[in-house]
Amino acid sequence: MIGRPGWVWIGGLLLASAAVAGEGALRPVTIVGREIPEPLTTAPGDPERGRTLVVDRTRGLCLLCHAGPFPEERFPGNLGPDLSGVGDRLSPGALRLRLVDGRALNPDTIMPSYYRLQETVRIGAAWRDRPVLEAQAIEDIVAFLITLRDTPSERPVP
Amino acid sequence: MLAALATGSAGAGEIPPAEIPPSEIPPAERRSSFDGMSPDIQAMQRDADANPGLLWLQDGADLWSTAPAPDRPACAGCHGEAATAMRGVAARYPTWDEATAAPIDLQGRINACRRRHQGAEPYAYESRELLGLTAYVAAQSAGLPITTPADARLGSARSAGRALFTRRMGQLGLSCAACHDGNHGRRLGAALIPQGHPTGYPLYRLEWQGLGSVQRRLRNCMTGMRAEPFAYGAPEFVALERYLMDRAAPLPMETPAVRP
């Protein structure tokens, strides 16, 4: 992680700064421990929009790798863990970090980093200088994923 | 990587050893994606009357024996019967081209032959002619094991191909190896991830409703990674194919294969 462009360790916090100006600029993200506790947007995430993104195989892309409690969706992939009950297993901040940049936790993960400008090469012309998903979409998906509970919810489902 | 590739293309500089880069899949565990196909598609490939690739093969057979101009030889004029002259050739391509001192794939060899010996224009990539002739030549190796030519001059192409295979690229930051070395046998959506061995190209893909080259397939994969695909005929594709063939040996050639 150390030395990756755009990322700096400060006092135990990993700070990512949006180094790119213009439309592609990313909002600053602060990793604390293994989470991003603060939402990326001021508007709260919308779980319904989040679900729509999760099952959209051309936008969220999630079902290409993950199964989950989506009875109408056939043929999910199995590269990643099943999303059923993920809201029991991970906090909103932990989910947010996995979406924003799971490679901060595991540099070898196959999971794409959805909210960082990749340092990888040959990005297709249509995809340059922008993250896989915008900040509000990340928040929408986090808001949806925390509703996926196997156990009775201890907090009201949004 | 690019520097290594440039060195390989120019044939200049130091000659690296002819070592086969280590693959993540041991030879005894290499499997063609034929094994994971449904029985009906397997039957379509096996049955000469049902394999749609045979239409392109017939075109290739005609081109093999047809002179491009009255004063120029047909392929058969120099090489004779394809069944004997071309047997085993595709199983060891890409190889080294003395004239350009660079690696060359089978399509490139056919087009080079047209320019140098037939006084003809090269065929366009993915044209019916180039696919047909390439498939006809490659089919003469069907059933023969893919071999790894011990030619030290191919060393830089091999290492450049491996570097391309393992390099993250595109907006999604994936690499070929991430799926085909590490996760073959799992599913990406509905699709079974194969080990990624180019045993049957050019092959008929039901999704394409036609025959296509290994470069077409690699371009599809790169687009899926949201990467900018290399151009048809790019030296990167030749290097990648050399590495993939090393990585696939000794699986048997299957041209013309059929895939979903």
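Residue numbers run consecutively from 1 along every chain, following the written order of its sequence. Each chain takes a letter, starting from A, and each ligand takes a number, starting from 1, following the order in which they are written. This being a predicted model, a pLDDT of at least 70 is required before a residue's local features are given, and a value of 80 or more before pairs of side-chain atoms are given or counted; all residues contribute to the totals for chains, interfaces and linings. Only hydrogens and water are set aside; all other atoms, that is, all heavy atoms of the structure, feed into the side-chain values.

A. Quick peek at the interface of chain B and chain A. Opposite the 23 residues of chain B that make contact, chain A presents 29 residues. Here the buried area means the combined drop in accessible surface, using a 1.4 Å probe, for two parts upon being joined, counting both sides. Summing the contributions of chain B and of chain A, the shared interface buries around 2100 Å²; its carbon and sulfur component is 56%. Among the residues of chain B in contact with chain A, B:Arg168, B:Gln171 and B:Arg226 are the three that bury the most area, contributing 35% of the side total. Think of a salt bridge as a Lys or Arg side-chain nitrogen and an Asp or Glu carboxyl oxygen that are within 4 Å of each other. Two residues, B:Glu228 and A:Arg128, come together in a salt bridge whose shortest N-O distance is 3.6 Å. Here a polar contact is taken to be a pair of N or O atoms separated by no more than 3.5 Å, where protein atoms must pair a possible hydrogen donor with a possible acceptor and residues adjacent in sequence count only if both atoms sit in side chains. The interface formed by chain B and chain A holds 16 residue pairs in polar contact (both at pLDDT 80 or more) in total. Contributing elements (two or more residues each) for the side of chain B that touches chain A: helix 9 (176-180) and strand 3 (187-188) of chain B. By residue class, the composition of the side of chain B that touches chain A is twelve nonpolar, five polar and six charged. Whether two residues are in contact is decided by their heavy atoms: any pair within 4.5 Å suffices. Helix and strand definitions follow DSSP, with helices as H or I runs of at least four residues and strands as E runs of at least two, each counted in order from the N terminus. Polar here means any residue other than Ala, Val, Leu, Ile, Met, Phe, Trp, Tyr, Cys and Pro, which are nonpolar, and Asp, Glu, Lys and Arg, which are charged; Gly is therefore polar.

B. View of the packing of helix 3 (residues 53-65) of chain B against helix 7 (residues 128-139) of chain B. Residue and element names in this part refer to chain B. All axes are obtained by fitting lines to C-alpha atoms, using only the stretch in contact for helices, and the reported angles, taken between N-to-C directions, cover 0 to 180 degrees. Close contact between helix 3 and helix 7 brings their axes to 7 Å; oriented N to C, the two are set at 90 degrees. Between helix 3 and helix 7, the angle falls in the class roughly perpendicular. Together, Leu-55, Trp-56, Leu-57, Asp-59, Gly-60, Ala-61, Leu-63 and Trp-64 of helix 3 and Arg-128, Glu-129, Leu-131, Gly-132, Leu-133, Ala-135, Tyr-136, Val-137 and Ala-139 of helix 7 make up the contact between the two elements. Broken down by class, the residue content of the contact of helix 3 with helix 7 amounts to twelve nonpolar, two polar and three charged. By definition in this entry, angles of less than 35 degrees are roughly parallel, angles greater than 145 are roughly antiparallel, angles of 65 to 115 are roughly perpendicular, and the rest are oblique.

C. Representation of empty space enclosed by the protein within the structure. Residue and element names in this part refer to chain B. Throughout, the protein atoms alone are placed on a 1 Å grid, and a set of points is a cavity if a 1.4 Å probe fits but cannot get out or a pocket if it is open with protein on both sides within 12 Å along at least five of seven lines; lining residues have an atom within 4 Å of a point. Grid points are joined across faces, edges and corners, and a volume is the space filled by probe spheres set on the points. For the structure shown, the criterion picks out two cavities of 30 Å³ or more. For the largest cavity, the calculated volume is near 190 Å³. Residue lining of the largest cavity: 16 residues in total, with Leu-106, Thr-134, Tyr-201, Pro-202 and Glu-241 positioned closest to the centre. Here the lining of the largest cavity gets three residues from one element, more than from any other, and that element is helix 7. The residue makeup of the lining of the largest cavity, split by class, is eleven nonpolar, three polar and two charged. Roughly 50 Å³ of volume is contained in the second largest cavity. Taken together, Met-169, Cys-176, Leu-218, Cys-221, Met-222, Met-225, Phe-230 and Leu-240 form the lining of the second largest cavity. In terms of residue count, the dominant contributor to the lining of the second largest cavity is helix 10 (residues 214-224) (three residues).

D. Main features of the confidence of the model for chain B. Model confidence for chain B is summarised by a mean pLDDT of 91, while 91% of its residues fall at 70 or above. Below pLDDT 50 for its whole length, residues 1-22 of chain B participates in 44 contacts with residues either more than four positions away or in separate chains. Per-residue confidence from the prediction method is given by pLDDT, with values spanning 0 to 100.

E. Focus on the sheet that holds strand 5 (residues 203-205) of chain B. All names here are of chain B. DSSP-based pairing: two strands are paired if at least 2 bridges between them are found. In spatial order, the strands read 6-5-7; together these three strands make up an open sheet with mixed pairing. Every other strand in the sheet has two partners, leaving strand 6 (210-212) and strand 7 (258-259) as the edge strands with one partner each. Where strand 5 and strand 6 come together, three bridges link them in antiparallel fashion. Its bridge partner lying in strand 6, Arg-205 is registered against Gly-210.

F. Focus on the pattern of salt bridges. Residue and element names in this part refer to chain B. By the definition in use, this model includes 17 salt bridges over all chains. When the shortest N-O distance is used, the salt bridge between Arg-128 and Asp-59 registers 2.4 Å. In this pair, Arg-128 is assigned in helix 7 and Asp-59 in helix 3, connecting sequence segments 69 residues apart. Residue class for Arg-128 comes out partly exposed when judged on its relative accessible area of 42%. Exposure is judged per residue with a 1.4 Å probe applied to protein chains only, and the accessible area is read against the type maximum: over 50% gives exposed, under 20% gives buried, and values in between give partly exposed. Take Asp-59: its relative accessible area is 23%, and that puts it in the partly exposed class. The salt bridge partner of Arg-109 is Asp-97, with a shortest N-O separation of 3.0 Å.

G. Representation of unusual backbone geometry within the structure. All names here are of chain B. The omega torsion of the bond from Tyr-93 to Pro-94 falls at -5 degrees, within 30 degrees of zero and hence cis. The residue Pro-94 is located in the loop between helix 5 (82-85) and strand 1 (95-97) in this model. Of note, the amide linkage connecting Ala-249 to Pro-250 takes the cis form, showing an omega dihedral of 5 degrees. Topologically, Pro-250 is positioned in the loop between helix 11 (235-248) and strand 7.

H. Structural context of the environment of B:Leu106. Residue and element names in this part refer to chain B. As for its position among the elements, Leu-106 is in helix 6 (residues 106-117). A relative accessible area of 11% places Leu-106 in the buried class. Leave out the neighbours within four places in its chain, and Leu-106 touches Val-89, Ala-90, Tyr-93, Thr-134, Val-137 and Ala-138.

I. Structural detail: the packing of helix 6 of chain B against helix 7 of chain B. Residues and elements named next belong to chain B. Two elements in contact, helix 6 and helix 7, have axes whose closest approach is 10 Å; the angle formed by their N-to-C orientations is 110 degrees. Between helix 6 and helix 7, the angle is such that the two are roughly perpendicular. For the pair helix 6 and helix 7, the sense of crossing is right-handed. The residues of helix 7 that touch helix 6, namely those facing Leu-106, Gln-107, Ile-110 and Asn-111, are Leu-130, Leu-133, Thr-134, Val-137 and Ala-138. Here a crossing is called left-handed whenever its near helix is offset anticlockwise from the far helix by less than a right angle, and right-handed whenever the offset is clockwise.

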